[in-house]
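# Inside the fold
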Amino acid sequence: MLSVLLDEKQPITVNELSKKVDRSGRTVRNYLDDIEKILDKDNIKLIRKTNVGVYIEAENSKRQKLKENLFSIEYNDEAFSSEYRQKYILKTLLESKFSYTIQLFSEELYCSKSTIASDLAEVQKILESKNLVLQRRQNQGLWVEGKEKDYRNAIKEFLYEVKEKDTLEINNFDIEKLDYRIDFINYKNIKSMFPWIDILYIQGIIQEAEMKLGFYFTEQAFINLIVHITIAIERIKSKNTSKRIWEFVKI
């Protein structure tokens, strides 16, 4: 994939890139994260722009040097650590609208299915500590089950605990519009997990409610409310709450 990017003279979309390397869009994005770490070591930037594409910003001499050393480049070991894989699996299972498979995780994390099976045992322990269950069915895959309240709390805790490097580009306009109670890191974490949800719109609704009620939330309460509403929107849109929504409302 790095070779393809080095040969490209113009930005290339993830969809186009996935077709060229015969990999899924998710797998391509994972590779891009690793490639970015490799390029950072040589002070070379991997640029990703929404509605434009991906490209390497480098002089021809540096491009040529990278091509010559292409086969000796080693990936960052941290990206393949058990901790990284387990966080990735947990995030994927919590986000996914459908069941997942060991084979998919194996392809996306570049490791054997037996390694994924070991990681799943640890993920299962994490989920059980949050009152959730990792379900496995032959020919059906993997998915998470549990009470809606526990599911949302698990996602919220994951957002606060995980401090992974986020390559998502944040518009300067977004930064300027952020309420003083939301720091940039928290905003990026939420936006990274729910890129399709308009966080600023949710923020505006809460601010409007505060003005009407004459009551203002503390910094932590404000962030928590945004997170809970964002998770609720995602869960409802994905139709994962149809049987459990009233249970959560009663609580």
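What you are looking at is a predicted structure, and each value in this text was computed from that prediction instead of being measured.

On to the overall build of the protein chain. A tally of helices and strands in the protein chain yields 13 helices and 4 strands. Residues classed as buried in the protein chain amount to 41% of the 251 residues present. Pairs at least 24 residues apart make up 59% of the contacts formed inside the protein chain by residues separated by at least 6 positions. About 15000 Å² of surface is accessible on the protein chain, with carbon and sulfur atoms providing 51% of the total.

Attention now moves to the confidence of the model for the protein chain. Averaged over all residues, the pLDDT of the protein chain equals 79, while 83% of them reach at least 70. Scored below 50 in pLDDT, residues 74-79 shows 11 contacts in the model against residues more than four places distant or in partner chains. Across residues 164-168, confidence stays below pLDDT 50; counting only partners more than four residues off in sequence or on other chains, it has 12 contacts.

This brings us to unusual backbone geometry. At Asn51, a residue that is not glycine, the phi angle is positive and equals roughly 65 degrees. Inspection of the secondary structure puts Asn51 in the loop between strand 1 (45-49) and strand 2 (53-57). On the basis of relative accessibility, which here comes to 81%, the residue Asn51 falls in the exposed class. Its identity as a non-glycine residue notwithstanding, Asn131 has a phi of 65 degrees, on the positive side. Here Asn131 shows up in the loop between helix 7 (113-129) and strand 3 (133-137).

What follows covers the pairing of strand 2. The sheet contact formed by strand 1 and strand 2 spans 5 bridges and is antiparallel. Among the inter-strand pairings, Ile47 is bridged to a residue of strand 2, identified as Tyr55. Between strand 1 and strand 2, which pair antiparallel in sequence order, lie 3 residues; one of them, Asn51, sits at a positive phi of approximately 65 degrees.

Taken as a whole and assessed by the stated rule, the structure comprises 9 salt bridges. One salt bridge connects Arg152 with Glu148, and the closest N-O pair in it is separated by 2.8 Å. Placement of the pair is Arg152 and Glu148 together in helix 8 (residues 148-161), with a separation of 4 residues, close to one helical turn. Neither Arg152 nor Glu148 differs from the other in exposure class; each is buried. For Arg181, the salt bridge identified is with Asp179, shortest N-O distance 2.8 Å. The pair formed by Arg181 and Asp179 is uniform in burial state, with each residue classed as buried. Overlapping salt bridges, with partners in common, bring together Asp179, Arg181 and Glu210 in one network.

Next up on the list: the nonpolar core. Ranked by size, the top nonpolar core spans 38 residues in total, and within it Ile89, Leu93, Leu94, Phe105, Phe194 and Ile226 carry the most contacts. At the level of elements, helix 5 (82-95), helix 7, strand 4 (141-145), helix 8, helix 10 (184-193), helix 11 (199-213) and helix 12 (219-237) are the ones that each hand at least two residues to this core.

Across its 14 residues, helix 8 extends 20 Å between first and last C-alpha, which sits within 8% of the 20 Å expected from 1.5 Å per residue. Along helix 8, the residues that are buried comprise Glu148, Asp150, Tyr151, Arg152, Ala154, Ile155, Lys156, Phe158 and Leu159.

Moving on, we get to the side chain of Glu234. Following the sequence through the fold, Glu234 ends up in helix 12. For Glu234, a relative accessible area of 7% puts it in the buried group. Here the side chain of Glu234 touches Trp196 through a polar contact of 2.8 Å, side chain to side chain.

Criteria and cut-off values
Residues numbered from 1 in each chain as written. Predicted model: local features only at pLDDT ≥ 70, side-chain atom pairs only at ≥ 80, totals over all residues. Heavy atoms only, no water. Helix = DSSP H or I, 4+ residues; strand = E, 2+ residues; numbered from the N terminus. Buried < 20%, exposed > 50% of the residue type's maximum accessible area, 1.4 Å probe, protein only. Contact = heavy atoms within 4.5 Å. Areas by Shrake-Rupley, 256 points an atom, 1.4 Å probe, with all protein chains shown as cover. pLDDT = per-residue confidence, 0-100. Pairing = 2+ DSSP bridges. Salt bridge = Lys/Arg side-chain N within 4 Å of Asp/Glu carboxyl O. Core = buried A, V, L, I, M, F, W, Y, C linked by side-chain atoms within 4.5 Å. Expected span 1.5 Å × (residues − 1). Polar contact = N/O pair within 3.5 Å; in protein donor to acceptor, adjacent residues only side chain to side chain.

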